[in-house]
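Commentary on secondary and tertiary structure
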Amino acid sequence: MMHHVRPASDNAFRPNAHLSITPEFLRFSVNRIREKGYEILHLDEAVDQLKTGYGSKRYAVLTFDDGYRDNLEVAYPVLKELDAPFSVFVTSGLIDRTSELWWVAIERLVAENSELVISGQSGEGPISCATPEEKNRCFDRLMDILGKDVQEPDQRAITRALAERYGLDLGALANEYMMTWDELRELAADPLVTIGAHTHDHFALARLSEGDAWADIDKGMQRIEQELGLRPRHFAYPYGKAFSVCDRDADYLERSGFSSALTTFPGVLNSASARTPMKLPRISLNGLYQTSDILDQYLTGAPFALYKAANWLAGGFGIKSSFSRLFPSTR
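Scope of this entry: the structure provided in the associated data block. (Residues numbered from 1 in each chain as written. Predicted model: local features only at pLDDT ≥ 70, side-chain atom pairs only at ≥ 80, totals over all residues. Heavy atoms only, no water.)

Scanning the chain from N- to C-terminus turns up 13 helices and 12 strands. On C-alpha atoms alone, the chain measures out to a radius of gyration of 19 Å, which is about the 20 Å that the 2.2 N^0.38 rule sets for 331 residues. In terms of overall dimensions, the chain has C-alpha extents of about 60 × 45 × 40 Å along its principal axes. Counting all 331 residues of the chain, 54% fall into the buried class. Within the chain, residue pairs in contact and separated by at least 24 positions form 70% of the contacts whose partners lie at least 6 positions apart. Here the chain displays about 14,500 Å² of accessible surface, and carbon together with sulfur accounts for 50% of that area. Averaging the positions of the 36 positive and the 46 negative side-chain charges in the chain gives two centres separated by 4 Å. (Helix = DSSP H or I, 4+ residues; strand = E, 2+ residues; numbered from the N terminus. Rg over C-alpha atoms; globule rule 2.2 N^0.38 Å. Buried < 20%, exposed > 50% of the residue type's maximum accessible area, 1.4 Å probe, protein only. Contact = heavy atoms within 4.5 Å. Areas by Shrake-Rupley, 256 points an atom, 1.4 Å probe, with all protein chains shown as cover. Lys, Arg positive; Asp, Glu negative; His and termini not counted. Charge placed at Lys NZ, Arg CZ, Asp CG, Glu CD.)

Next comes the structure, spelled out in structure tokens:
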């Protein structure tokens, strides 16, 4: 799982740095995966392999979430040169410029201001973000409020209010970061590329009512089909963590004709994956750990067994597992 591929940044404040890898690390990763004996497959092929017996060969799938322009401008030339197939899961509302790139907006607002005041219902006073340390604390606090304390529609309303109050153009932000439909058509025309669905508005589905969750799934499918002339067969849950993934929506995705649905639960495919194709795990190529040692460990699958054990133990004692830094929340 990847999001951004772009040159390294030396900015002191980069709270979303885990979502960005360099083109050099992407190239290294593809070559290293192959050196270790894995074939890089289209997602369709991987799902077929799961159905027929996951152990018949070693394989990996490359995926990108959301639909960022750097996937086309930076990642695609590398993967095209290496003849490596990949999938892009598209949030159609971000491509339409009707939804909010809220986690990037919060990063930009914190970066550009020394203090932020959010609106009424949270009860928060001014939050200082003058120093790098304060900016990190402010960002974390705002992400907790918007990602946990308020409902999904309120999250977007607060983001829009903050953007208006501090002069941030959310449309311009989407134009800066996201592909257009014409750019997606260019990408989708290459047989190397699979286009998947990622909802319309990038809501945490499990936090929505049944009707709202399924409407967000359906609209995302419909917009892709309308614009690209293809019906996506694969889906990735926004955020993909336990708070955003539930059996209700997994069942709906299967009934809707999807062949697979991808979470961000850290792990590798195994025999159980064939029984749960609507909740497949993924390994995040984490921008904070762009090293060969980490990549090699990921390929063994060992860190994920340790992660599960550590979380189980930590939960029993009411503490936070140190493995959470390796597998942080995604956007």
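And the narrative resumes.
Under the criterion given, the structure shown has 21 salt bridges. In this structure, Asp144 and Lys148 form a salt bridge, with 3.4 Å as the shortest nitrogen-oxygen distance. Of this pair, Asp144 and Lys148 are both found in helix H6 (residues 132-149), four residues apart, which corresponds to roughly one turn of the helix. Taking relative accessible area as the criterion, Asp144 reaches 30% and is therefore assigned partly exposed. Classification of Lys148 by relative accessible area gives exposed; the value is 61%. One salt bridge connects Arg223 with Glu227, and the closest N-O pair in it is separated by 2.8 Å. Taken together, the residues Arg223 and Glu227, both in helix H10 (residues 210-228) and four residues apart, mark about one turn of the helix. Judged by its relative accessible area of 24%, Glu227 falls in the partly exposed class. Residues participating in the shared-partner salt-bridge network are Asp96, Asp182, Arg185, Arg223 and Glu227. (Salt bridge = Lys/Arg side-chain N within 4 Å of Asp/Glu carboxyl O.)

Taken across its seven residues, strand E11 (residues 260-266) has six buried, putting it largely inside the fold. Here three bridges tie strand E10 (residues 234-236) to E11, and the two strands are oriented parallel to one another. Considered in E11, the bridge of His234 is made with Ser260. Of the crossover connections in this fold, the one passing from E10 over helix H11 (residues 247-255) to the parallel E11 is right-handed. Two strands pair when backbone bridges link them, and E11 and strand E12 (residues 280-282) are joined in this way by two bridges, in the parallel orientation. The residue of E12 that forms the bridge with Pro266 is Arg282. (Pairing = 2+ DSSP bridges. Right-handed = clockwise from strand over helix to strand, strands pointing away.)

So, on to the environment of Ala105. Tracing the backbone shows Ala105 in helix H5 (residues 102-112). When the C-alpha positions of Ala105 and Leu170 are compared, they lie 7.2 Å apart, and in sequence the two are 65 residues distant. Among all residues touching Ala105, those that are not within four sequence positions of it are Thr159, Leu168, Leu170 and Leu173.

Applying the stated criterion across every chain, the model contains 10 aromatic pairs. Between the aromatic rings of Phe64 and Phe86, the centroid separation amounts to 5.6 Å while the plane-to-plane angle is 80°, which identifies the pairing as edge-to-face. With a gap of 22 residues between them, Phe64 in strand E5 (residues 63-66) and Phe86 in strand E6 (residues 86-90) connect regions that are remote in the sequence. On the basis of relative accessibility, which here comes to 0%, the residue Phe64 falls in the buried class. Its relative accessible area of 1% is what places Phe86 among the buried residues. Grouped by ring-pair contacts, the aromatic residues Phe64, Tyr76 and Phe86 constitute a single cluster. (Phe/Tyr/Trp six-rings, centres within 6.5 Å; stacked < 30°, edge-to-face > 60°.)

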